[in-house]
Amino acid sequence: MQKQKTDWHAQAAAMQFDGRAFINGQRVAAQSGATFECLSPVDGRKLADAARCDAADVDAAVLAARAAFDDRRWAGLAPAARKRILIKFADLMLQHRDELALLETLDMGKPIKYSRSVDVPSAANCIRWYGEAVDKIYDEIAPTADTALALITREPVGVVAAIVPWNYPMLMASWKIAPALAAGNSVVLKPSEKSPLSALRLAEIALEAGIPAGVFNVVPGYGHEAGSALALHMDVDCIGFTGSTKVGKLILQYAGQSNLKRAWTELGGKSANIVCADCPDLDAAVRASIGSIYFNQGESCNAPSRLFVEESIKAEFLTRAVAMLPDFQSGDPLDEATVMGAIVDSIQLKTVLGYIESGQAEGAKLVFGGEQQRTESGGYYVAPTLFDEVKSSMKIAREEIFGPVLSVIGFTDLNDAIREANATAYGLQAAVWTADINKAIQTSRALRAGTVHVNCYDEDDITVPFGGVKQSGNGRDKSLHALEKYTELKTTWIRIG
Ligand code: NAD
């Protein structure tokens, strides 16, 4: 029997939104009573008034998290017990899959097709994976002399602040909260002011799953208010930050200005994707390059926004790429056929259009797109945009645009392409396409990035670390390594008489 099509517009119209903070297991307004508007980029309509948390609310959340940590209501559970609760949390997220997907789409504009098939299941899988991992990790005994027994154990750091961006609100939150909670920490999460709704709903679902009150708190608010109060807080032990390089630098300063909390930063990118003439499958290279830059409206930290193509195949590559672009025209995010949705807000729309203007002004060749679309909707949409004849010195090749804009740069010597690929402040991801295994290995070694893809792009899973070098940050989300960020090593040296 054919599955009945979901009427997402009807579901959206019937949806109730709650923008209040979640502190100590309860929904609460900001102590000041202040709110800010959550506007949907889909059509500009107001979804909710969210609590505009400031230092007082952050204090309350940190106090609740500290109390929960100190009485060991969560940290003191056996890892197998935390596992069961985290798995239930993941199961409940999947039970609420349509609701969470719709919240994400309405709040930040991504197509429902992807929030339902990628964001919610990936976030739930992340929670489940760390839950499943945590009762399989052993501590160490050091190889000391017979006169001592030295235990090296991992302990939770205490109160973890998680500050996350708007491009994958639930997924970025889960990359922080899953390892932090699995390790036994308490968490205060500050979602982006552009997309706070799914994180708030997650906290309710976590409580329902059995995560005790006070262990997982969410404070919506602005970065310069709630965010800085959290990062400067003297009773926060660790901060997991994902966002821009500009704010990442502030986070490290706040840590130094306050209590030297450990600060992990996952920041911006300007990833290089190098396609050599001996690429084993040109169609696959075109599909992955185009699919990855326009996915999530180009609002991905690891978007391959600089495409280096060897001159001898560039014309053919572009012909095939441009033929695909009509399929990426922006559309109604609530239509399941749409692959590119709305830009998160009017500010980001202006930024993206500004970069497109700058590309044209600096002499890059606009091959496709470039214009705002669907203005009649009241939302914010930009056509998939492709520039050819881009020079690495141009602003569109140097700065993170965070929109659906691809810069194509030709090369004749691979060493030049590698040098230009590395000539950026960022170092998040990169790719090389070649049939020559030696060239693939040499190039991936030479590229300064946290991840290098070979003959693919954006293929990974929860088992591998995600993060960057240089000004793309200093930490790694995902994989067992993320647990290292949220645990401290303790030595217990026992004298044997
Ligand atoms: P942003 O830096 O503006 O904001 C990120 C978060 O920081 C938000 O919650 C914001 O409110 C908060 N914030 C802002 N100012 C603050 C301050 N002074 N003190 C404390 N917190 C503050 O970034 P954004 O626009 O939300 O997200 C886009 C950026 O995130 C891009 O640069 C993108 O590359 C990056 N990103 C990186 C990764 C990664 O894993 N490396 C993943 C996703 C997004």
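In what follows, the structure referred to is the one given above.
Residues numbered from 1 in each chain as written. Predicted model: local features only at pLDDT ≥ 70, side-chain atom pairs only at ≥ 80, totals over all residues. Heavy atoms only, no water.

Caption draft 1: Broad picture of the overall build of the protein. For the protein, the count of helices and strands is 16 helices and 21 strands. Since a compact globule built from 497 residues should have a radius of gyration of about 23 Å, the 23 Å found for the protein is in line with a globular shape. Judged by the C-alpha coordinates and their principal axes, the protein covers about 75 × 60 × 55 Å. The buried share among the 497 residues of the protein stands at 57%. (Helix = DSSP H or I, 4+ residues; strand = E, 2+ residues; numbered from the N terminus. Rg over C-alpha atoms; globule rule 2.2 N^0.38 Å. Buried < 20%, exposed > 50% of the residue type's maximum accessible area, 1.4 Å probe, protein only.)

Caption draft 2: Local environment of the pattern of salt bridges. This model, assessed by the stated rule, comprises 31 salt bridges. Of the charged contacts in the structure, one is a salt bridge between Asp49 and Lys46, with a shortest N-O distance of 3.1 Å. Since its relative accessible area comes to 41%, Lys46 is described here as partly exposed. Where Lys83 meets Asp135, a salt bridge forms, and the shortest distance between an N and an O atom there is 2.9 Å. Placement of the pair is Lys83 in helix α3 (residues 79-95) and Asp135 in the loop between α5 (112-133) and β5 (140-141), with a sequence separation of 52 residues. Linked by salt bridges that have partners in common, Asp18, Arg20, Arg27, Glu99, Arg201 and Glu204 make up one network. (Salt bridge = Lys/Arg side-chain N within 4 Å of Asp/Glu carboxyl O.)

Caption draft 3: Just the nonpolar core, in detail. Counting 102 residues, the largest nonpolar core has Phe89, Met93, Ile211, Phe216 and Ile290 as its most contacted members. Setting aside anything within four residues of it in sequence, one finds Phe89 in contact with Ile127, Ile177, Leu202, Ile205, Ala206, Ala209, Ile211 and Phe216. Core analysis: the next-biggest nonpolar cluster, separate from the first, contains 29 residues, Ile274, Phe308, Val382 and Val405 among them. (Core = buried A, V, L, I, M, F, W, Y, C linked by side-chain atoms within 4.5 Å. Contact = heavy atoms within 4.5 Å.)

Caption draft 4: Just the environment of Tyr168, in detail. Tracing the sequence through the fold places Tyr168 in the loop between β7 (159-163) and α6 (169-182). The class of Tyr168 is buried, set by a relative accessible area of 9%. Setting aside residues up to four positions removed in sequence, Tyr168 forms contacts with Glu104, Lys110, Asp119, Ala173, Phe295, Asn296, Glu299 and Ser300.

Caption draft 5: Main features of the state of the cysteines. What the rule picks out here adds up to zero disulfides. Left unpaired, Cys38 is separated from the closest cysteine sulfur, that of Cys53, by 12 Å. Cys126 provides the cysteine sulfur closest to Cys238, a residue in no disulfide bond, and the two sulfurs are 15 Å apart. Taking the relative accessible area as the measure of exposure, Cys238 reaches 0% and is therefore buried. (Disulfide = S-S within 2.5 Å.)

Caption draft 6: Geometry of the site of the ligand. Around the ligand there are 30 residues in total, and Val164, Glu193, Ser244, Leu267 and Glu400 lie nearest to it. Interatomic distance of 3.3 Å between a backbone N/O atom of Gly243 and an oxygen atom of the ligand. In the complex, 91% of the free accessible area of the ligand, which totals 850 Å², lies under the protein chains. When residues of the shell around the ligand are traced back to their parent elements, those giving at least two are α8 (223-232), β10 (238-242) and α9 (245-257). The element that contributes the greatest number of residues to the shell around the ligand is α9, accounting for four residues. Looking at the shell around the ligand residue by residue, the class counts come to 16 nonpolar, ten polar and four charged. (Near = heavy atom within 4 Å. Polar contact = N/O pair within 3.5 Å; in protein donor to acceptor, adjacent residues only side chain to side chain. Areas by Shrake-Rupley, 256 points an atom, 1.4 Å probe, with all protein chains shown as cover. Nonpolar A, V, L, I, M, F, W, Y, C, P; charged D, E, K, R; others polar.)

Caption draft 7: Focus on the sheet that holds strand β18 (residues 405-411). Taken in spatial order, the seven strands make up an open sheet running β14-β17-β18-β13-β12-β19-β20, and their pairing is mixed. The outermost strands of the open sheet, each flanked by one partner alone, are β14 (365-368) and β20 (451-454). Between one strand axis and the next, the sheet turns by 20° as a mean value, whatever way the strands run. Contacts from helix α12 (residues 346-361) reach β14, β17 (385-388) and β18 within the one sheet, and its direction differs from that of β17 by about 25°. (Pairing = 2+ DSSP bridges. Axes fitted to C-alpha atoms, helices over the stretch in contact; angles between N-to-C directions.)

Caption draft 8: Local environment of a nonpolar patch on the surface. A contiguous nonpolar patch, built from Ile141, Leu149, Ile494 and Ile496 and spanning about 330 Å² of accessible area, is present on the exposed surface. Position of Ile494 relative to the elements: it lies in strand β21 (residues 487-495). (Patch = residues over 30% accessible without salt bridge, like charges linked within 9 Å, V, L, I, M, F, W, Y side chains within 5 Å.)

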